[in-house]
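Coordinate inspection notes
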Amino acid sequence: MPKEPRRGPYFCGIDAAMDVVSGKWKALIIWELHEHGTRRFAELRRGLPGVTEKMLTQHLREMEEDGLVHREVYREVPPKVEYSLTEHGESLNRALVPLGQWGIERSRRIGAETVHDVAG
């Protein structure tokens, strides 16, 4: 049973932001859609190695409910569904860029590999 999205009250702005990006894959889904634009489900899954179909579906539904992702269904055979960021999702991506830069600097400092050396 999906959890009901929180609508506050929030402790602070970070708490409100983390409410919509919590989960291992959400920030990466935002990055993938920002970097590559509109994507079909299979393209998203290939772009996020390790994500399960169930988890990707769950996160996309939650992100659609939060107004971050637009889901476009084309009535054709076979069915075609595309995902893209909304303006709200793009604004969240812009907010995550400094966090990505911090992560790149941290990776370098500790000698960890970063597959994509871009912040967002």
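Residues numbered from 1 in each chain as written. Predicted model: local features only at pLDDT ≥ 70, side-chain atom pairs only at ≥ 80, totals over all residues. Heavy atoms only, no water.

1. Concerning the packing of helix H2 (residues 26–36) against helix H4 (residues 53–65)
At their nearest, the axes of H2 and H4 sit 10 Å apart, and the two run at 75° to each other. Taken as axis vectors, H2 and H4 run roughly perpendicular relative to one another. In this structure, H2 uses Lys26, Ile29 and Ile30 to contact H4, whose residues at the interface are Leu56, His59, Leu60, Glu62 and Met63. A class-by-class count of the residues in the contact of H2 with H4 yields five nonpolar, one polar and two charged. (Axes fitted to C-alpha atoms, helices over the stretch in contact; angles between N-to-C directions. Helix = DSSP H or I, 4+ residues; strand = E, 2+ residues; numbered from the N terminus. Parallel < 35°, antiparallel > 145°, perpendicular 65-115°, else oblique. Contact = heavy atoms within 4.5 Å. Nonpolar A, V, L, I, M, F, W, Y, C, P; charged D, E, K, R; others polar.)

2. A few points about the pattern of salt bridges
Within this structure, the stated rule accounts for five salt bridges. Measuring nitrogen to oxygen at the nearest pair gives 2.9 Å for the salt bridge that ties Arg39 to Glu32. In this pair, the class of Arg39 matches that of Glu32, namely buried. Here Glu87 ties to Arg94 by a salt bridge, and the two come within 3.0 Å at their closest N and O atoms. Accessibility expressed as a relative area gives 54% for Glu87, which makes it exposed. (Salt bridge = Lys/Arg side-chain N within 4 Å of Asp/Glu carboxyl O. Buried < 20%, exposed > 50% of the residue type's maximum accessible area, 1.4 Å probe, protein only.)

3. Describing the pairing of strand E2 (residues 69–74)
Looking at chain direction, E2 and strand E3 (residues 80–85) are connected through six bridges and run antiparallel. Paired with Val73 across the two strands is Val81, which belongs to E3. Remark: five residues form the turn of the hairpin made by E2 and E3, two consecutive strands paired antiparallel. (Pairing = 2+ DSSP bridges.)

4. Quick word on the UniProt feature "domain: HTH hxlR-type" (unreviewed entry) in the chain
In the numbering adopted here, UniProt assigns the feature "domain: HTH hxlR-type" (unreviewed entry) to residues 12–111. A helix fraction of 64% and a strand fraction of 14% characterise residues 12–111, whose end C-alpha atoms lie 33 Å from each other. (UniProt positions renumbered as here; feature names shortened; annotations may be inferred.)

5. Observations concerning the environment of Ser84
Relative to the assigned elements, Ser84 resides in strand E3. According to the relative accessible area criterion, Ser84 is buried, its value standing at 17%. For the pair Ser84 and Ala17, spaced 67 residues apart in sequence, the C-alpha separation works out to 20 Å. Setting aside chain neighbours within four positions, we find Ser84 in contact with Leu33, Thr38, Leu68, Val69 and His70.

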